[in-house]
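Reading the structure
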Amino acid sequence: MTPSILLLLVALAAEPDFKPDQSKLPVAPPKGAHALLDEKGKHSFLSMAGEKIDWPIEDGVAVSTPKKNQNHIVSKLHFKDADIHVEFLLPEKGPANSGVYIHGNYEIQILNSFGKEKVTQDDAGALYGFSPPLVNACRKPGEWQVFDIRYRAPRRDEAGKIIEMGTVTVWFNGQKVQDETKFGEPKSTFHPFRFGNTPYLDKIRDRQKQTMTGPVFLQDHGNPVKFRNVWVVAADEHAFMYEPEAK
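The number of helices and strands found in the protein chain is two helices and 17 strands. Taken against the 2.2 N^0.38 rule, which gives 18 Å for 247 residues, the C-alpha radius of gyration of the protein chain at 17 Å falls within 12% of a compact globule. Over its C-alpha atoms, taken along the principal directions, the protein chain stretches across nearly 60 × 50 × 35 Å. Sorting the 247 residues of the protein chain into buried and exposed places 50% on the buried side. For the protein chain, the proportion of contacts with a sequence separation of at least 24, taken over those separated by at least 6, is 69%. Carbon and sulfur atoms make up 53% of the accessible area of the protein chain, which amounts to about 12500 Å² in all. When the 31 basic and 32 acidic side-chain charges of the protein chain are each reduced to a single mean position, those positions are 2 Å apart.

What follows covers the pattern of salt bridges. Summed over the entire model, instances satisfying the criterion amount to ten salt bridges. The salt bridge partner of Asp81 is Arg155, with a shortest N-O separation of 2.9 Å. Pair noted here: Asp81 is in the loop between strand 6 (77-78) and strand 7 (82-89) and Arg155 is in strand 11 (residues 155-156), with a separation of 74 residues, a long-range link. On the basis of relative accessible area, Asp81 is assigned to the buried category, the value being 8%. Notably, a salt bridge pairs Asp83 with Arg150, separated by 2.8 Å at the nearest N-O pair. Residue Asp83 is located in strand 7, and its partner Arg150 is located in strand 10 (residues 145-152); the two are separated by 67 residues in the primary sequence. Just as Asp83 is buried, Arg150 falls in that class too. Shared partners join several salt bridges into a network, and the residues in it are Asp202, Arg205 and Asp206.

This brings us to the nonpolar core. One recurring pattern in soluble globular proteins: nonpolar side chains tend to sit buried together. Counting 40 residues, the largest nonpolar core has Phe79, Val100, Ile108, Phe147, Ile149 and Leu218 as its most contacted members. It is strand 7 that provides the largest number of residues to this core, a total of four residues. Residue contacts for Phe79: discarding those within four places in its chain leaves Ile84, Ile102, His103, Tyr151, Met212, Thr213, Gly214, Pro215, Val216, Val232 and Ala239. Counting ten residues, the second largest nonpolar core, distinct from the first, contains Met48, Tyr101, Leu201 and Tyr242.

Remark: a regular strand shows side chains that alternate across the two faces of the sheet. Pairing between strand 1 (residues 34-37) and strand 16 (residues 226-234): three bridges, direction antiparallel. Each bridged residue has a counterpart across the sheet, and for Leu37 the counterpart in strand 16 is Val230. Two elements, strand 4 (residues 61-63) and strand 16, share two bridges in a ladder whose sense is antiparallel. In the sheet register, Ala62 faces strand 16, and the bridge partner there is Phe227. In the sheet, strand 7 pairs with strand 16 via seven bridges, with the strands oriented antiparallel.

The subject of this paragraph is the sheet that holds strand 5 (residues 73-75). What the five strands build is an open sheet, ordered 2-5-15-8-9; its pairing is antiparallel. With one partner strand each, in any of the chains shown, strand 2 (45-47) and strand 9 (106-110) form the two edges of the open sheet. Each strand of the sheet is rotated relative to its neighbour by a mean of 25 degrees, with strand direction disregarded. Two strands pair when backbone bridges link them, and strand 2 and strand 5 are joined in this way by three bridges, in the antiparallel orientation. Across the sheet, Phe45 pairs through a bridge with Ser75, a residue of strand 5.

How each quantity is defined
Residues numbered from 1 in each chain as written. Predicted model: local features only at pLDDT ≥ 70, side-chain atom pairs only at ≥ 80, totals over all residues. Heavy atoms only, no water. Helix = DSSP H or I, 4+ residues; strand = E, 2+ residues; numbered from the N terminus. Rg over C-alpha atoms; globule rule 2.2 N^0.38 Å. Buried < 20%, exposed > 50% of the residue type's maximum accessible area, 1.4 Å probe, protein only. Contact = heavy atoms within 4.5 Å. Areas by Shrake-Rupley, 256 points an atom, 1.4 Å probe, with all protein chains shown as cover. Lys, Arg positive; Asp, Glu negative; His and termini not counted. Charge placed at Lys NZ, Arg CZ, Asp CG, Glu CD. Salt bridge = Lys/Arg side-chain N within 4 Å of Asp/Glu carboxyl O. Core = buried A, V, L, I, M, F, W, Y, C linked by side-chain atoms within 4.5 Å. Pairing = 2+ DSSP bridges. Axes fitted to C-alpha atoms, helices over the stretch in contact; angles between N-to-C directions.

Next comes the structure, spelled out in structure tokens:
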């Protein structure tokens with residue numbers, strides 16, 4: 001057996017099947033997880049300008065605050081490959097549009113898709129711009145819902161070209177809605193690095209292209225979606241806390 005094949009088999013054996021238990025919410029962060037928003041409201045998010053967020057947080061619940069679809073919050077934690085856990089509550093009125101922007105480029109869609117027979121890449125659980133959800137797992141507004149996302153970042157060469165596509169697997173309310181879905185360059189014209197960009201995000205974007213590490217964003221898309229119990233389990237040693245430079 002060649003060394004390369006042996007290393008591949010070891011890697012595959014080290015990564016178990018991804019099937020998180022979503023039967024009871026909230027789900028406590030496992031040992032070693034980075035809590036981005038905990039049950040007491042303590043968080044490690046910044047605004048798109050690298051400043052204090054203006055989303056209200058009460059009893060551990062943060063509420064998306066609309067500002068022209070440009071008021072996302074961005075984690076101080078940057079990572080390469082990771083499992084991401086997000087619990088959310090849709091508002092009773094409106095489309096309940098929001099999302100989880102991984103590395104600011106790839107959106108797992110949040111939307112009120114409850115009861116919809118045919119889902120598209122605009123619906124809850126989609127990898128926006130790439131793939132619709134496999135099934136409609138969306139609950140009705142007023143019930144807490146959950147994403148568990150296994151993200152594997154794309155790999156780039158020294159020139160910044162993707163040489164290995166990224167993949168994402170998503171469990172949504174106990175159902176698998178993305179199964180190692182592949183993705184390449186980001187497609188959305190509205191992701192944070194293209195719409196409402198700031199000097200702070202410029203620095204993140206440039207570093208991200210070099211290292212394939214970046215933050216997770218919770219999206220403002222004009223609807224008061226609520227979030228709680230957000231945590232990340234890094235899959236490697238590349239995760240770190242990125243603090244803005246003092247002005």
